[in-house]
Amino acid sequence: MNINWTKEELKIYILIYCSNADFSESKLEIDYIKSKIPTNNFEKIHNEFEKDNDYQSILKIQSSIKEHHYENDESLLREIMELFLIDDRFDILEQNLYMGLKHILK
């Protein structure tokens, strides 16, 4: 699978994916994601995310992590956790997704 994302676009996609772990994106989560990226690629990547199903999202993330050598990136894991905690909750869906992404990123 060839996605042709930049490393930044991959980060945006992963954070959008995480913001949807509990099946709803909050304004706080979107604002957090936008604060972590220096460009305006958010809308483009968000539109792509909206077209993908869960299986496609995971395949894209796995493929792009390898392509961009994003393995063992502690700062990305920290940002994912910050995103999950932005609403002062860390529900079971977010916990499961975090464990899965942690496995992919290690």
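Before going into details, it helps to say that this report is about the structure given with it. Because the structure is predicted, anything quoted here is derived from the model rather than measured.

### Observations concerning the side chain of asparagine 41
Here asparagine 41 shows up in the loop between α2 (27-35) and α3 (42-51). A distance of 3.5 Å separates a polar atom in the side chain of asparagine 41 from a polar atom in the side chain of glutamate 8. Setting aside residues no more than four positions away along its own chain, asparagine 41 makes contact with Glu8, Glu9 and Ile12.

### Observations regarding unusual backbone geometry
A positive phi angle is found at asparagine 4, which is not glycine, with a value near 65°. We classify asparagine 4 as exposed; its relative accessible area is 59%. At phenylalanine 23, a residue that is not glycine, the phi angle is positive and equals roughly 70°. Summarising the element assignment, phenylalanine 23 is placed in the loop between α1 (7-19) and α2.

### Concerning the packing of α1 against helix α4 (residues 54-67)
The N-to-C vectors of α1 and α4 enclose an angle of 145°; their axes lie 11 Å apart at closest approach. Crossing hand, α1 versus α4: left-handed. Contacts from Leu10, Tyr13, Ile14 and Tyr17 of α1 reach α4 at Asp54, Ser57, Ile58, Lys60, Ile61, Ser64 and Ile65. Across the contact of α1 with α4, the residue classes tally to 7 nonpolar, 2 polar and 2 charged.

### Observations regarding the packing of α1 against α3
Between α1 and α3, the shortest axis-to-axis distance is 9 Å and the interhelical angle comes to 55°. In terms of orientation, α1 lies oblique with respect to α3. For the pair α1 and α3, the crossing hand works out as right-handed. Residue-level contacts link Glu9, Ile12, Tyr13, Ile16 and Tyr17 of α1 to Phe42, Lys44, Ile45, His46, Glu48 and Phe49 of α3. Split into classes, the residues belonging to the contact of α1 with α3 amount to 7 nonpolar, 1 polar and 3 charged.

### Thoughts on helix α5 (residues 74-85)
For α5, with 12 residues, the first-to-last C-alpha span of 17 Å sits near the 16 Å given by 1.5 Å per residue. Taken residue by residue, α5 has Leu76, Leu77, Glu79, Ile80, Leu83 and Phe84 as its buried positions. Axial view of α5: buried residues confined to an arc of 160°, hence all on one face. Taken together, the buried residues of α5 touch α1, α2 and α6 (92-105).

So, how was this worked out
Residues numbered from 1 in each chain as written. Predicted model: local features only at pLDDT ≥ 70, side-chain atom pairs only at ≥ 80, totals over all residues. Heavy atoms only, no water. Helix = DSSP H or I, 4+ residues; strand = E, 2+ residues; numbered from the N terminus. Polar contact = N/O pair within 3.5 Å; in protein donor to acceptor, adjacent residues only side chain to side chain. Contact = heavy atoms within 4.5 Å. Buried < 20%, exposed > 50% of the residue type's maximum accessible area, 1.4 Å probe, protein only. Axes fitted to C-alpha atoms, helices over the stretch in contact; angles between N-to-C directions. Left-handed = near helix turned anticlockwise from the far one by under 90°. Nonpolar A, V, L, I, M, F, W, Y, C, P; charged D, E, K, R; others polar. Parallel < 35°, antiparallel > 145°, perpendicular 65-115°, else oblique. Expected span 1.5 Å × (residues − 1). Arc of directions from axis to C-beta.

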